[in-house]
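Structural overview for review
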Amino acid sequence: MQTTNFSQFNIPSIVWASPPPTITMLRGKTTSSRRLSPPYSVASSTSRHQVTHSMPPEKVEIFKSLEPWVSEYVLPFRKPVEKCWQPIEFLPDPSQGPEQFEEEVRALRQRTSRLSDEYFVVLVGNMLTEDALPTYQTLFNTWDGVRDETGSSPCPWAIWTRAWSAEENRHGDLLRTYLYLSGRVDMLMVDKTLQYSIGAGIDIGLENNPYMGFVYTSFQERATFLTHGNMGKLAIEGGDPVLARICGTIAADEKRHENAYTRIIEKLLEVDPNTTMIAIAYMMRKRITMPLHLMYDGQDPNIFSHFSAIAQKQGVYTSRDYAEILEFFITIWKLEKLEGLTTGEARRAQDFVCRLPQFFITKWVLEKLEALTGEARRAQDFVCRLPRKIRRLENQSKKLESRSTKFSWIFNKQVNV
Ligand SMILES: [Fe+2]
Ligand SMILES: [Fe+2]
């Protein structure tokens, strides 16, 4: 299969010595170019990635030629509607009469009353990430060679995207209704955030390029699989087994989606290894940014980084997870042993990607150490003869202790980030 060394895929500094990527999902600052300037300036001046159509037109033929393969190997990952769960199966059912309904709502509120505010911040963030589905379906339909040209195209790529969207739509609906009934969150602010966020869109730089797009979706589905799974574990610990079952059920869907997208990348690695390997490295270098990174609630311009920090602190999604996701893909795509790489650029891309997990694991360890403020204080004592160092440590320590913020989603209650 022909490979093309197109300029947008060049990774000139893709060597281990180059500055490693950072994770936007993690604690840390949102870069100014990604920070949402309230209320609506995102899509224009702050966007970093406005490269379009980076895939050479002749590559469209590859995706065209894969259509029968998609029908045979990807479409079976859809679940027939009649076999799918629906939100009402997990929710109080109003058709059962007012008393039964009220009883079920009371029980739901009782269960959720034991969960922490931090848990609800993360659950709202996850729900919004699901509920911003129009943004994702729009994004997928910008990818050359696989987009839905008509809205109901019979092309297998388009059939998959519509079916995926229809399945995903249940996730946001279920979580949203559950949150609403719990009474634990300020739905006015949650809904405002959703409206702002869908209005802002997404700026992750996929360049209409399906190679990059399917790398992104593979990563993202696995990340959501882990996230919902971890939320389920926390719900069990917090005393809400129904919510745990909800999170587990959604996680199972994400796993199935992950299988579909990773299968696509596996196939692309087979038919066009150079381009696919370079796309994987390119996405890793750019960072896999969580989809709702432009979220805004009308109040906090850093709400995404605050939400991400709480998710990290709750152990729902950490840099360790990021590293493990990478390791997982390196293994299942057999990237270390990948054959057929015929260009130096592709081999450098392979080397870069295969070394990344260790970097993120080291980063995670360092973050753990940083979180041990007691350690910082002992270090402060140790260097007490060095006044400048002491002052610096004191400031750092205060910073760590004072990192709390109000969250509009939970009625402006203060939470530590
Ligand atoms: Fe989902
Ligand atoms: Fe999914």
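Residues numbered from 1 in each chain as written. Chains lettered and ligands numbered in written order. Predicted model: local features only at pLDDT ≥ 70, side-chain atom pairs only at ≥ 80, totals over all residues.

Notes on the overall build of the protein
What counts is decided by this rule: Helix numbers and strand numbers start at the N terminus; a helix is a DSSP run of H or I with at least 4 residues, a strand a run of E with at least 2. A pair of residues counts as a contact when their C-beta atoms, built from backbone coordinates, are within 7 Å of each other.
Helix and strand counts for the protein come out as 15 helices and two strands. Long-range contacts, defined as pairs at least 24 residues apart, comprise 81% of the intrachain contacts of the protein with a sequence gap of at least 6.

What about the UniProt feature "binding site: Fe cation 2" (unreviewed entry) in the protein?
Note the following rule: UniProt positions are given in the numbering used here, feature names are shortened, and annotations may be inferred rather than shown by experiment.
Feature annotation in UniProt places "binding site: Fe cation 2" (unreviewed entry) on Glu-168, Glu-221, Glu-254 and His-257, given in this structure's numbering. The annotated residues occupy 90 residues of the chain but converge on a single region, no pair of C-alpha atoms lying more than 10.8 Å apart. The topology assignment puts Glu-221 in helix 8 (residues 210–238). Setting aside residues no more than four positions away along its own chain, Glu-221 makes contact with Glu-254, His-257, Glu-258 and Tyr-261. Looking at where Glu-254 falls in the secondary structure, it is placed in helix 9 (residues 241–271). With residues up to four places along the chain from it excluded, the contact list for Glu-254 reads Glu-221, Thr-224, Phe-225 and His-228.

Here's the deal with unusual backbone geometry
The test is simple: Three exposure classes are used. Buried residues have 20 or more other C-beta atoms within 10 Å of their own C-beta, exposed residues have 12 or fewer, and partly exposed residues fall in between, all C-beta atoms being placed from the backbone.
Even without being glycine, His-53 reaches a positive phi, approximately 50°. Residue position: His-53 is located in the segment before helix 1 (60–65). On the basis of neighbour counts, which here come to 13 C-beta atoms within 10 Å, the residue His-53 falls in the partly exposed class. In this structure, Lys-334 is a non-glycine residue whose phi angle is positive, near 50°.

Comments concerning the pairing of strand 1 (residues 404–407)
Put simply, the rule is: The pairing criterion is simple: DSSP has to find at least two bridges between the two strands.
Pairing between strand 1 and strand 2 (residues 413–416): four bridges, direction antiparallel. Among the inter-strand pairings, Lys-406 is bridged to a residue of strand 2, identified as Gln-414. Between strand 1 and strand 2, which pair antiparallel one after the other, the connecting turn spans five residues, and Phe-411 there sits at a positive phi close to 60°.

As for the packing of helix 6 (residues 156–182) against helix 9
Stated precisely, the cut-off is as follows: Where helices are involved, their axes are fitted lines through C-alpha atoms of the stretch in contact, as for all axes, and angles between N-to-C directions lie from 0 to 180°. When an angle is under 35 degrees it counts as roughly parallel; over 145 it counts as roughly antiparallel; between 65 and 115 it counts as roughly perpendicular; any other value is oblique. The handedness criterion is simple: a crossing whose near helix is rotated anticlockwise from the far helix by less than a right angle is left-handed, and one whose near helix is rotated clockwise is right-handed. For this classification, the nonpolar set comprises Ala, Val, Leu, Ile, Met, Phe, Trp, Tyr, Cys and Pro, the charged set comprises Asp, Glu, Lys and Arg, and every other residue, Gly included, is treated as polar.
Across the interface, helix 6 lies against helix 9 with an axial gap of 11 Å and an inter-helix angle of 165°. Between helix 6 and helix 9, the angle is such that the two are roughly antiparallel. In this structure, helix 6 meets helix 9 at a crossing whose hand is left-handed. Of the residues in helix 9, those in contact with Trp-164, Glu-167, His-171, Leu-174 and Tyr-178 of helix 6 are Leu-243, Ile-246, Ile-250, Asp-253 and His-257. Across the contact of helix 6 with helix 9, the residue classes break down as six nonpolar, two polar and two charged.

Concerning helix 12 (residues 319–332)
Keep this limit in mind: Expected span, for any helix, means 1.5 Å times one less than how many residues it has.
With 14 residues, helix 12 extends 20 Å from end C-alpha to end C-alpha; this agrees with the ideal 20 Å at 1.5 Å per step. What helix 12 keeps buried is the set Ser-319, Asp-321, Tyr-322, Ala-323, Ile-325, Leu-326 and Phe-329. Looking one or two residues past helix 12, Lys-334 carries a phi angle of roughly 50°, positive in sign.

What about the UniProt feature "binding site: Fe cation 1" (unreviewed entry) in the protein?
UniProt records the feature "binding site: Fe cation 1" (unreviewed entry) for Glu-130, Glu-168, His-171 and Glu-254 in the present numbering. In sequence the annotated residues extend across 125 residues, while in space they remain close, none of their C-alpha pairs exceeding 11.1 Å. Residue position: Glu-130 is located in helix 4 (residues 117–131). You can call Glu-130 buried: it has 24 C-beta atoms within 10 Å. Not counting residues up to four positions away in its chain, the partners in contact with Glu-130 are Glu-168, His-171, Gly-172 and Leu-175. Discounting residues that sit within four places of it in the chain, Glu-168 has contacts with Glu-130 and Leu-133.

Notes on the packing of helix 2 (residues 67–74) against helix 9
For any two helices packed against each other, the geometry is given by the interaxial angle and the distance between the axes. Taken N-terminus to C-terminus, the directions of helix 2 and helix 9 make an angle of 140°; their axes are 11 Å apart at the nearest point. The angle between helix 2 and helix 9 falls in the class oblique. When you trace helix 2 past helix 9, the crossing you get is right-handed. Contacts between helix 2 and helix 9 pair Trp-69, Tyr-73 and Val-74 from the former with Ala-260, Arg-263, Ile-264 and Lys-267 from the latter.

Here we look at helix 7 (residues 187–200)
One full turn of an α-helix is made of 3.6 residues, so residues set three or four places apart face in the same direction. Between its first and last C-alpha, helix 7 extends 20 Å over 14 residues, near the 20 Å set by a 1.5 Å rise per residue. Among the residues of helix 7, those classed as buried are Val-190, Thr-193, Leu-194, Tyr-196, Ser-197 and Ala-200. Against the buried residues of helix 7 lie helix 4.

Concerning the environment of Phe-101
Summarising the element assignment, Phe-101 is placed in helix 3 (residues 98–112). Phe-101 sits ten residues away from Leu-91 along the chain, and the two C-alpha atoms are 9.5 Å apart. Excluding anything up to four places from it in sequence, Phe-101 contacts Pro-92, Asp-93, Pro-94 and Gln-96.

Topic: the nonpolar core
The tendency in soluble globular proteins is for nonpolar side chains to be buried as a group. Convention followed: For this analysis, nonpolar core means a set of buried Ala, Val, Leu, Ile, Met, Phe, Trp, Tyr and Cys residues linked through C-beta atoms within 7 Å.
Residues Val-121, Leu-123, Val-124, Val-215, Ile-280, Ala-281 and Met-283 are the most contacted members of the largest nonpolar core, which totals 98 residues. Excluding its chain neighbours within four sequence positions, the residues that come into contact with Val-124 are Leu-179, Val-185, Val-190 and Trp-409.

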